[in-house]
Amino acid sequence: MQRPSSKGRFVRNRQLAEFGTTIFAEMSALAVATGSINLGQGFPDTDGPASLLESAAEAIRAGKGNQYPPGPGVPELRQAVAGHRQRHYGLSYDPDREILITAGATEAIAATMLGLLNPGDEVIALEPYYDSYAATIAMAGARRVPVTLHPPRFELDGDALRRAVTPRTRMLLINSPHNPTGAVLSRAELAVIAAVAIEHDLVVVTDEVYEHLVFDDAVHIPLATLPGMRDRTVSISSAGKTFSVTGWKIGWVMAAPPLLDAVRTAKQFLTFVSGGPFQYAVAGALNTLGADFYTGLRDDLTGKRDLLAAGLTAAGFRVYQPRGTYFITADVAHLADDGLTFCRELPSRCGVVAIPSTVFYDNKAAGASLVRFAFCKQDHVLREAVTRLATLGA
């Protein structure tokens, strides 16, 4: 007997139809296949502080967190997050009612979108943006509305932001320091965002995972510090970028109780809990690592940025110097027809992998010739990458 056809029945969720394999998976696989230096995906090639790693091992040996930790996160970490926020920015949060521990910032973003959005809502985001933003907005049945940041400084156009607001706008999604451009929003730019949010009664979600990765005269200013914004802002950060432990996936959400309760409701049905022993270790790092650690982190990454930026410039790229994160955006218009083709051919041409920035845009033309390089690698790796990139002009 012929089996009934399932054609058309078993298909992917329509809201995710535009999303396939991420560019990070594609380019990382290409790096392995060609033996290239991977300056695409943003993860360090060294581990975090020895004290942090040993704390995690001690927690495992002591049986701390090996079973399910509390749903909101272990109290020690929630208290440490509150202390960190108070010391660095003067913001006070109740560890029990206003802080939630998540499986990295990516889950925090997903839980926030699912917890606070309804189908048909609009979310304004600054593009280019991290690819999970688009996917999680779609999962919530909402619609993303981009406001484009343009080179060379990738500054916010306040008028464009105001024009993007409609009666359906529910949320502003802000990332600063900004991935992939390396821009850091100024107080004046944040003031525009705050004014729009207050005028239209919007929730603002701030992705601040690169909060300690700022260079030169740049200063990270949490939006929640501005007048009227603390109780309408959902602030997100994590341990991965600050402590070079991206695989631990320990993030956190900070928000007033009505907002956090909504995020928690969604989060409990995603991972439920995660990373118990790592939570204790991150708590210790937040409590004990002082100004010297953060200064050293900034100085080390500044040197790496300058090394790669100089090499890219010498190789013929137009480089947009980042003021934060550990990414450099460069223009390849004079080297290739478009950034996507350039990045797919780069490994075979010189043994280096980068990410085409166009994948971070809805407005594809705006990012067509831009590519992103990560400089969170050991100096000898960056020097070898620079040597290989220099062959492009040969």
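This structure is a prediction, so every number in the text was calculated from the model and none was measured. (Residues numbered from 1 in each chain as written. Predicted model: local features only at pLDDT ≥ 70, side-chain atom pairs only at ≥ 80, totals over all residues. Heavy atoms only, no water.)

Caption draft 1: A look at the domain arrangement of the protein. The assigned domain composition of the protein is domain 1 (14-41 + 292-391) and domain 2 (50-288). The C-alpha-based centres of domain 1 and domain 2 are spaced at 24 Å. Each partner contributes residues to the interface: domain 1 has 29 residues there, and domain 2 has 41 residues. Scanning the region where domain 1 abuts domain 2 turns up 3 salt bridges. Close ionic contact of R144 with D362 constitutes a salt bridge, the shortest N to O distance being 2.8 Å. Run the count over domain 1 and domain 2 and you get 14 residue pairs in polar contact (both at pLDDT 80 or more). Elements represented by at least two residues in the side of domain 1 that touches domain 2 include exactly α11 (291-314), β10 (327-331) and β13 (370-374). (Domains from an automatic or database assignment. Contact = heavy atoms within 4.5 Å. Salt bridge = Lys/Arg side-chain N within 4 Å of Asp/Glu carboxyl O. Polar contact = N/O pair within 3.5 Å; in protein donor to acceptor, adjacent residues only side chain to side chain. Helix = DSSP H or I, 4+ residues; strand = E, 2+ residues; numbered from the N terminus.)

Caption draft 2: Spotlight on the state of the cysteines. According to the stated counting rule, one finds 0 disulfides in the structure shown. Free of any disulfide, C343 has its nearest neighbouring cysteine sulfur in C350, separated by 10 Å. (Disulfide = S-S within 2.5 Å.)

Caption draft 3: Main features of the packing of α11 against helix α14 (residues 379-389). As a packed pair, α11 and α14 sit with axes 9 Å apart at the nearest point and diverge in direction by 10°. When the axis of α11 is compared with that of α14, the two are roughly parallel. Contacts between α11 and α14 pair K304, L307, L308, G311 and L312 from the former with D379, L382, R383, V386 and L389 from the latter. Broken down by class, the residue content of the contact of α11 with α14 amounts to 6 nonpolar, 1 polar and 3 charged. (Axes fitted to C-alpha atoms, helices over the stretch in contact; angles between N-to-C directions. Parallel < 35°, antiparallel > 145°, perpendicular 65-115°, else oblique. Nonpolar A, V, L, I, M, F, W, Y, C, P; charged D, E, K, R; others polar.)

Caption draft 4: Spotlight on the sheet that holds strand β9 (residues 318-320). One open sheet holds the 4 strands; their spatial order is β9-β10-β13-β12, and the pairing between them is antiparallel. Since the sheet does not close on itself, it has two edges, and those belong to β9 and β12 (355-356), each with one partner. Sheet analysis places β10 next to β13, joined by 5 bridges and oriented antiparallel. Bridged to D331 within β13 is L370. On top of the sheet, α11 reaches β9, β10 and β13; it is set at about 15° to β10, its chief contact. (Pairing = 2+ DSSP bridges.)

Caption draft 5: Representation of the packing of aromatic side chains within the structure. Counted by the stated rule, this structure contains 14 aromatic pairs. Taken together, a centroid distance of 6.0 Å and an interplanar angle of 75° make the contact between Y210 and F327 edge-to-face. Here F327 lies in strand β10 and Y210 lies in the loop between β6 (203-207) and β7 (233-238), a separation of 117 residues in the sequence. The burial state of Y210 is the same as that of F327; both residues are buried. Ring centres 6.1 Å apart and planes at 55° place the aromatic pair F215 and F375 in the tilted group. Of this pair, F215 sits in the loop between β6 and β7 while F375 is found in the loop between β13 and α14, placing the two residues 160 residues apart along the sequence. The exposure class assigned to F215 is buried, which follows from its relative accessible area of 0%. Among the aromatic residues, those joined into a ring-pair cluster are Y129, Y130 and Y133. Geometry around Y93 places R230 over its ring, the cationic atom sitting 4.3 Å from the centre. Its guanidinium or amino end placed over the ring of F43, K377 lies 3.9 Å from that ring's centre, counting from NZ or CZ. (Phe/Tyr/Trp six-rings, centres within 6.5 Å; stacked < 30°, edge-to-face > 60°. Buried < 20%, exposed > 50% of the residue type's maximum accessible area, 1.4 Å probe, protein only. Lys NZ or Arg CZ within 6 Å of the ring centre and 35° of its normal.)

Caption draft 6: Region of interest: the nonpolar core. L172, I193, F317, F373 and L389 are the most contacted members of the largest nonpolar core, which totals 103 residues. When residues of this core are assigned to domains, at least three fall in each of domain 1 (14-41 + 292-391) and domain 2 (50-288). Leaving out residues up to four positions away in the same chain, F317 has contacts with L312, A330, D331, V332, H334, L335, F342, F373, L389 and L392. By size, the runner-up hydrophobic cluster in this structure holds 27 residues, among which are L77, I250, W252 and A285. (Core = buried A, V, L, I, M, F, W, Y, C linked by side-chain atoms within 4.5 Å.)

Caption draft 7: Representation of the environment of S92 within the structure. Take S92: it is sitting in the loop between α3 (75-89) and β2 (99-102). Linking S92 and D337, residues 245 residues apart in sequence, is a C-alpha distance of 50 Å. At 2.5 Å, the side chain of S92 and the side chain of Q86 are in polar contact.

Caption draft 8: Here's a closer look at unusual backbone geometry. In this structure, P128 follows E127 across a cis peptide bond, with omega equal to 5°. Located in the positive-phi region is F154, a residue other than glycine, with phi close to 55°. Its location among the elements puts F154 in the loop between β4 (143-148) and α6 (158-164). A positive phi is found at D201, a non-glycine position, where the angle reads about 55°. Counting through the fold element by element, D201 comes out in the loop between α7 (187-200) and β6. Taking relative accessible area as the criterion, D201 reaches 57% and is therefore assigned exposed.

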